[in-house]
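# Commentary on secondary and tertiary structure
So you can see what is in the structure, the chains are spelled out below.
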Amino acid sequence: MKTIKIKLIALLALIAFVSISCNNDDDDSSQQPQTIVSIAKANPNLTSLVAALEKADLATTLNSSGSYTVFAPTNTAFSAFLTANGYANLNAVPVPALKEILLNHVLITKVKSTEIATGYVKTLAKGSASSSNTISMYLEKGSGVDINGGKTNGGATVTTADVEASNGIIHIVDGVIGLPTIVNHAVANKNFTTLVAALTFNPSSGFAGILSGTANSPFTVFAPTNAAFTSFLTETGFSGLAAIPANVLETTLKYHVVAGANVQSTSLTNGQVVSTFAGQNFTIGLTGGATITDASSRVSNIVATDVQCSNGIIHVIDKVLLPDF
């Protein structure tokens, strides 16, 4: 009898152990990361994003295996986007345009907030300037993360970071990130504040508007940094932008632009003569590094390349180019 009692206690203990183990397994499975789309569907603030992904036929992609980073706009962000662009609702947005806008929120690799550094990354979107080179995104890491200069510049700010998913990570943002133009990218990067000031210094020239639009596009812009402009003012003796005659400033700016071509760095050749928007040429050199020799025989280094915009491409240079006056 005692033996039967002991066996019964042992059996009950085994059943209890199995039951607890099963419950723990259930708890573990419920805590397993879900896909990006599953997480978005469970978030009441991301219903517009889910609807947009389904309309653009991208939900399947972000519901499958992979390693993505998605900057996810809230419902409020989508409402502001629709109003700003004159759309009555999400259904009024043409599918091709909606698809590229959504792809502009996606990186092909998983990037946690701790791994973000100030600089450029590539999204999956394509603008009208290039059918192969995808759009660049500018991330600025400070106390938080700003994308393409924040909402006032067609970008966004991360409001909730690091929502883990089985196929990547989500950062919730406060704006729908538009496809950035050359001017958007120039404004977003604080290394180009003087260039932006120069572009907008004489509104009557309309030059900033030209580089924000598609007429005469795509554009290839060789963009001088703030340090380049400081050296330029010292070299030429001008006390500031205001001291430069309007026609001189406009011609100088146009000398940094090639109209009608999205010229990637891989297409540059040694000795290549480049015709600019100013009607004057400069020469590319590739010996010992990529350089530009301007009409005044001054040499500038190309220090960064291939910042892809919706209406063209930017290459960064360390000296302001001087045309022939």
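Quick summary incoming for the structure in this document. (Residues numbered from 1 in each chain as written. Predicted model: local features only at pLDDT ≥ 70, side-chain atom pairs only at ≥ 80, totals over all residues. Heavy atoms only, no water.)

Quick look at the sheet that holds strand 7 (residues 168-173) now. Reading across from one edge, 2-1-7-6-5-4-3 is the order of the seven strands in this open sheet, with mixed pairing throughout. A single partner strand is all that each edge strand has here, and the edge strands are strand 2 (106-107) and strand 3 (119-122). (Pairing = 2+ DSSP bridges. Helix = DSSP H or I, 4+ residues; strand = E, 2+ residues; numbered from the N terminus.)

Below, the discussion takes up the pairing of strand 13 (residues 299-309). Across three bridges, the pairing between strand 12 (residues 291-293) and strand 13 is antiparallel. Bridging from a neighbouring strand, T293 pairs with V299 of strand 13. Connecting strand 12 to the next strand, strand 13, in antiparallel fashion are five residues, including S297 with a positive phi near 65°. Sheet topology places strand 13 next to strand 14 (residues 312-317); five bridges connect them, and they run antiparallel. The residue bridging V307 from the neighbouring strand is I314, located in strand 14.

Quick look at the pattern of salt bridges now. Counted according to the given criterion, the structure contains seven salt bridges. Note that K41 is salt-bridged to E54, the shortest N-O span being 3.9 Å. In this pair, K41 is assigned in helix 2 (residues 36-42) and E54 in helix 3 (residues 47-55), connecting sequence segments 13 residues apart. Overall, K41 belongs to the exposed group, its relative accessible area being 52%. (Salt bridge = Lys/Arg side-chain N within 4 Å of Asp/Glu carboxyl O. Buried < 20%, exposed > 50% of the residue type's maximum accessible area, 1.4 Å probe, protein only.)

Within helix 10 (residues 226-236), burial applies to N226, A228, F229, F232 and L233. What you see down the axis of helix 10 is that its buried residues fit within an arc of 155°, all on one side. With respect to the buried face of helix 10, the exposed residues turned more than 90 degrees away are A227, T230 and T234. Where helix 10 is buried, its residues touch helix 8 (193-201), strand 8 (219-224) and strand 14. Directly beyond the C-terminal end of helix 10, a positive phi value near 85° is found at G237. (Arc of directions from axis to C-beta. Contact = heavy atoms within 4.5 Å.)

Looking now at helix 3. Listing the buried residues of helix 3 in full gives L49, V50, A52 and L53. All buried residues of helix 3 fall inside an arc of 165° around its axis, so they share one side. Lining the buried residues of helix 3 we find helix 2, helix 4 (59-62), strand 1 (68-73), helix 5 (75-84) and helix 6 (95-103). A positive backbone phi angle near 60° is found at D57, which sits one or two residues after helix 3.

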